[in-house]
Amino acid sequence: MAQLAASQVAVTVPVGSDFSTRRSVFKTHNISFHDKSWAPSLSLDLKTKNARLRNRYIICQSVQQASVPKVNVSPLYLEDAKEPPLNIHKPKEPYTATIVSVERIVGPKAPGETCHIVIDHGGNVPYWEGQSYGIIPPGENPKKPGSPHNVRLYSIASTRYGDTFDGKTASFCVRRAVYYDPETGKEDPSKNGVCSNFLCNSKPGDKVRVTGPSGKIMLLPEDNPNATHIMIATGTGVAPYRGYLRRMFMESVPTFKFNGLAWLFLGVANSDSLLYDDEFKKYLKDYPDNFRYDLALSREQKSKSGGKMYVQDKIEEYSDEIFKLLDTGAHIYFCGLKGMMPGIQETLKRVADQRGENWEEKLSQLKKNKQWHVEVY
């Protein structure tokens, strides 16, 4: 451990209940960044002078600094570029990265399986929050014998510094695509998603071919640290927002001090399907003035009309506030399955009509102002 000044406290990590064992991406790895080790240790309670385990982050924090410490990241030259990196590695010359970890992050009652996957790119495929990597699964394209599979795009679920805070890894949130025959109800492996199953079946040390990064529409605007960011996701569409929120609330980035509002709406089937819930609840606890978190659990909650609660119903609950925030410059993001957008658009149009506004004109203005960000698949 690095020598610390007298006015600073030692490095410790989240232990205990703040991050459940089931969802913790650090469960099996003692992750190091620089000469500081992320492993459970004792920290000193500065008020009582009693050493005890504490369920929070203490990262090289001066006693005089804010009460919610953040993680130091490197290399900081990743902040220097004026434009985002784009297509450094193309499909014909992909980068071969290495699987670091694959972990199921949903509970037993979740429909389907979703995994958090960390890959090591060695700092050779830098990216910005909100971008995507392309993955080329092994094997040949059945429609083009002798050729590799087509590239599949995955939103990156980490900041540019990765889950190890050293700029060498990237993370994905991947739902395993499984096909069930509608007549027999049985799984047909021949029709399962090639890339999602390859990733979810991977083991540490396996190789994965990566292209990119790509995408500019979901980049996090950082010109105004006091801005409002309204993030709407269904399922694994939460991936880019995890990156945003870690940058805003977890990492110590000298060039970005967020003091605005981040408001996340997440739609999933049930409580067991929640993704990164422990991280988000920690931000809610630590930054109550800067983070809001609303859930739409379709199989557990009812909308005001008595039907299943979908993310558009939750948006409608807060529609007046959302529209006022948009009128004052808030950014709004949508990420998830493309089927989410028609219902959301209908809801926003209905709300606009009730407010005496023309939705088409309002949408056009939001796009013109670069407040409207959509990435669906």
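Residues numbered from 1 in each chain as written. Predicted model: local features only at pLDDT ≥ 70, side-chain atom pairs only at ≥ 80, totals over all residues. Heavy atoms only, no water.

Enquirer: Help me understand the sheet that holds strand S14 (residues 261-268), please; the structure alone is not making it clear to me.
Expert: Sheet strands associate in pairs through backbone hydrogen bonding, adopting either a parallel or an antiparallel arrangement. Ordered by their spatial adjacency, 5 strands build an open sheet running S15-S14-S12-S16-S17, and the pairing between neighbours is parallel. At either margin of the open sheet sits one strand with a lone partner, and together these are strand S15 (291-297) and strand S17 (372-376). Strand-to-strand twist across the sheet, computed as the mean angle between neighbouring axes with direction ignored, equals 10°. Pairing geometry for S14 and S15, over 7 bridges, is parallel. Across the sheet, valine 268 pairs through a bridge with leucine 297, a residue of S15. Sitting on the sheet, helix H3 (residues 277-286) is in contact with S14 and S15, with an inclination near 140° to S15. (Pairing = 2+ DSSP bridges. Helix = DSSP H or I, 4+ residues; strand = E, 2+ residues; numbered from the N terminus. Axes fitted to C-alpha atoms, helices over the stretch in contact; angles between N-to-C directions. Contact = heavy atoms within 4.5 Å.)

Enquirer: Teacher, can you tell me more about the confidence of the model for the chain here?
Expert: One rule of thumb: low pLDDT means the predicted coordinates there are not for detailed reading. In the predicted model, the chain carries a mean pLDDT of 85, and the fraction of residues at 70 or more is 82%. A low-confidence stretch, residues 1-66 (pLDDT under 50), is modelled with 139 contacts involving residues beyond four sequence positions or located in other chains. (pLDDT = per-residue confidence, 0-100.)

Enquirer: Got a minute to help me understand the UniProt feature "binding site: NADP(+)" (unreviewed entry) in the chain in this structure?
Expert: Residues annotated in UniProt with the feature "binding site: NADP(+)" (unreviewed entry) correspond here to Ser155, Arg175, Thr236, Ser298, Arg299, Lys308, Gly336, Leu337 and Glu375. Taking the annotated residues in turn, Ser155, Arg175, Thr236, Ser298, Arg299, Lys308, Gly336, Leu337 and Glu375 line the largest pocket. Within the secondary structure layout, threonine 236 lies in the loop between strand S12 (228-234) and helix H2 (239-250). What threonine 236 contacts, discounting residues up to four positions off in sequence, is Thr114, Cys173, Val174, Arg175, Leu275 and Tyr377. (UniProt positions renumbered as here; feature names shortened; annotations may be inferred. 1 Å grid on protein atoms, 1.4 Å probe; cavity = no way out; pocket = protein on both sides within 12 Å on 5 of 7 lines; lining within 4 Å.)

Enquirer: Help me understand the packing of aromatic side chains, please; the structure alone is not making it clear to me.
Expert: In this structure the tally under the stated criterion is 21 aromatic pairs. Ring plane angle 50° and centroid distance 6.1 Å describe the contact between tyrosine 154 and phenylalanine 172, whose orientation is recorded as tilted. Of this pair, tyrosine 154 sits in strand S9 (residues 152-155) while phenylalanine 172 sits in strand S10 (residues 169-175); the two residues are 18 residues apart in sequence, bridging distant segments of the chain. Both residues of the pair, tyrosine 154 and phenylalanine 172, count as buried. (Phe/Tyr/Trp six-rings, centres within 6.5 Å; stacked < 30°, edge-to-face > 60°. Buried < 20%, exposed > 50% of the residue type's maximum accessible area, 1.4 Å probe, protein only.)

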